[in-house]
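Below are the chains, spelled out letter by letter.
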Amino acid sequence: MYPSLLFTVSSLALTALTAVADTNSSRPLALVYRGDSACKGCSEAVAKLLEGSPQNFAVTYVGPKEDTQISAETLSKAAAYAQPGGPDQTQAFRELEGHGPELRDFINNGGRYFGFCLGAYLAGPNEGFGFLPPGVNAVNERKSENAQVTSTDNAVIQINWNFRSKTNRFSAQATDTQWLFFQDGAAIEGLSDNSTVLGRYAQNGDVAASLTPLGKGWVALVGPHPEATSGWFQSVDQPGGSKENGVTFDIGYDFVNTAMSAGPVPDGRNTTNTNGGTGTTGRTGRTGKAGRPGRNGRRPGSSSPEDKDESRWGNDDDNEDEE
């Protein structure tokens, strides 16, 4: 759930294309949900992570109030669909439930589903699309035994991440105690194959991020927020709030790279591209000014951050509104 991007990534040519948005574009297309079921700024932050990643995605927002709607035709042109954090799982599922079959077909045909926080919950079997293997579910990490964060407040949390691709600072290595922004995020329980685990919560070992197959495609989930920008961390009033490892986006980029390189992906022409490489560093596009973080809101009637003091969420002055 969360605000905007403070740094740009240099634009380089992509050496290994994973998909194309259409016959006139060499950039893979990612569809990012934006609407009432996403918190303010969350969709924009996810979009900027995808645009700035080595995959060099072109991003199109989809949603009830967007020019482009979620549909089988729209999904057929995409390599990935991303569901960002949002205010309430029940509300989101009611809005999006009808698109479940279209999204399932998209993934079955080789597409990638990226679920960030609420998007991870929505991949599960309970008030969700059921994209996970039998016996696997997305549950509240804050309610888990020995959880590092036990409240629904904005927080930072320590993650042990197994890097599987080269990013700015890391290359195919396990790293301990990286800090990520966290707000009532999910843990993925019931995984029997450790190869599907991308990262774990450092304090109790719960799965914080996973990559599981569905048909020819893949479902990539992450409970904390590797897309979080500096303004989000400014809202955290706890030790570690200044340790903004996540703002380098290494974990976010590796999350995207690993999912996209797991196998063939759609190329927008009802075929698949078998080049799974990660390419070189992409370009960050301007997708509009992001706002302050929201909460996952798994509890009906929980207070909204929209009711809180604007100043608490920090200020990302580097971003400009763009219609």
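All of these numbers come straight from a predicted model, not from anything done at the bench. (Residues numbered from 1 in each chain as written. Predicted model: local features only at pLDDT ≥ 70, side-chain atom pairs only at ≥ 80, totals over all residues. Heavy atoms only, no water.)

A. Examining the side chain of Arg 142 more closely. The topology assignment puts Arg 142 in the loop between strand S5 (137-140) and strand S6 (155-162). A distance of 2.6 Å separates polar atoms of two side chains, one belonging to Arg 142 and the other to Asp 184. (Helix = DSSP H or I, 4+ residues; strand = E, 2+ residues; numbered from the N terminus. Polar contact = N/O pair within 3.5 Å; in protein donor to acceptor, adjacent residues only side chain to side chain.)

B. Fine view of the nonpolar core. The biggest cluster of nonpolar side chains holds 39 residues, and the ones touching the most others in it are Leu 50, Phe 114 and Phe 255. If one sorts the elements of this core by residue count, helix H7 (residues 250-260) sits on top with six residues. (Core = buried A, V, L, I, M, F, W, Y, C linked by side-chain atoms within 4.5 Å. Buried < 20%, exposed > 50% of the residue type's maximum accessible area, 1.4 Å probe, protein only.)

C. Region of interest: the packing of aromatic side chains. Under the definition given, this model contains 10 aromatic pairs. In textbook terms, an aromatic cluster arises when at least three aromatic residues are bridged by ring pairs, as seen for Tyr 81, Phe 93, Tyr 113, Phe 129 and Phe 131. For the cation-ring pair, Arg 34 lies above Tyr 61, with the distance from its terminal atom to the ring centre recorded as 3.7 Å. (Phe/Tyr/Trp six-rings, centres within 6.5 Å; stacked < 30°, edge-to-face > 60°. Lys NZ or Arg CZ within 6 Å of the ring centre and 35° of its normal.)

D. Representation of the confidence of the model for the chain within the structure. In the predicted model, the chain carries a mean pLDDT of 78, and 69% of its residues have values of at least 70. Segment residues 1-24 is flagged for pLDDT under 50; beyond a separation of four residues in sequence, or across chains, it makes 117 contacts in the model. Counting contacts from residues 275-323, a segment whose pLDDT is below 50, to residues more than four positions away or on other chains yields 152 contacts. (pLDDT = per-residue confidence, 0-100. Contact = heavy atoms within 4.5 Å.)

E. Highlighting the state of the cysteines. The tally for this structure, following the rule as stated, stands at one disulfide. Across the disulfide, Cys 39 is cross-linked to Cys 42 (sulfur-sulfur distance 1.7 Å). Here the disulfide of Cys 39 and Cys 42 is left-handed, its torsion about the S-S bond being about -45 degrees. Taken as a pair, Cys 39 and Cys 42 share a single burial class, namely buried. For the unlinked cysteine Cys 117, the closest cysteine sulfur is that of Cys 39, found at 8.0 Å. For Cys 117, a relative accessible area of 0% corresponds to the buried category. (Disulfide = S-S within 2.5 Å.)

F. Representation of unusual backbone geometry. Although it is not a glycine, Asn 56 adopts a positive phi angle of roughly 55 degrees. Inspection of the secondary structure assignment puts Asn 56 in the loop between helix H1 (42-52) and strand S2 (58-62). Even without a glycine there, the phi angle at Asn 146 is positive, about 60 degrees.

G. Just the environment of Val 139, in detail. Here Val 139 is to be found in strand S5. Each C-alpha atom of the pair Val 139 and Gly 124 lies 8.6 Å from the other, and the pair is 15 residues apart in sequence. The contact partners of Val 139, leaving out residues within four places of it in the chain, are Tyr 121, Gly 185, Ala 186, Ala 187 and Glu 189.

H. Quick peek at the environment of Leu 96. Position of Leu 96 among the secondary structure elements: in helix H3 (residues 89-96). Classification of Leu 96 by relative accessible area gives buried; the value is 1%. Considered as a pair, Leu 96 and Ser 37 are 59 residues apart in the sequence and their alpha carbons are 8.8 Å apart. For Leu 96, the contacting residues outside a window of four places in its chain are Tyr 33, Ile 70, Gln 83, Leu 122 and Phe 129.

I. Helix H4 (residues 100-108), seen in detail. Within the sequence span of H4, burial applies to Gly 100, Leu 103, Phe 106 and Ile 107. For H4, the buried positions fall inside an angular range of 125 degrees around the axis, keeping them on one side. Where H4 is buried, its residues contact helix H2 (72-75), strand S3 (80-83), H3, strand S4 (112-116), strand S10 (207-214) and strand S11 (217-222). Just past H4, the residue Gly 110 takes up positive phi, approximately 115 degrees. (Arc of directions from axis to C-beta.)

J. Structural detail: H7. H7 sits mainly inside the fold: 11 of its 11 residues count as buried. Of all the residues in H7, the buried ones are Asp 250, Ile 251, Gly 252, Tyr 253, Asp 254, Phe 255, Val 256, Asn 257, Thr 258, Ala 259 and Met 260.

K. The arrangement of the pattern of salt bridges in detail. A complete count under the given rule lists four salt bridges for this structure. Ionic pairing is found between Arg 142 and Asp 184, a salt bridge with its closest N-O pair at 2.6 Å. Here Arg 142, found in the loop between S5 and S6, pairs with Asp 184, found in the loop between strand S7 (174-182) and strand S8 (186-189); they are 42 residues apart in sequence, far enough to count as distant. In this structure, Arg 142 and Asp 184 share a single accessibility class: buried. One salt-bridge network, in which partners are shared between bridges, spans Arg 34, Glu 44 and Glu 66. (Salt bridge = Lys/Arg side-chain N within 4 Å of Asp/Glu carboxyl O.)

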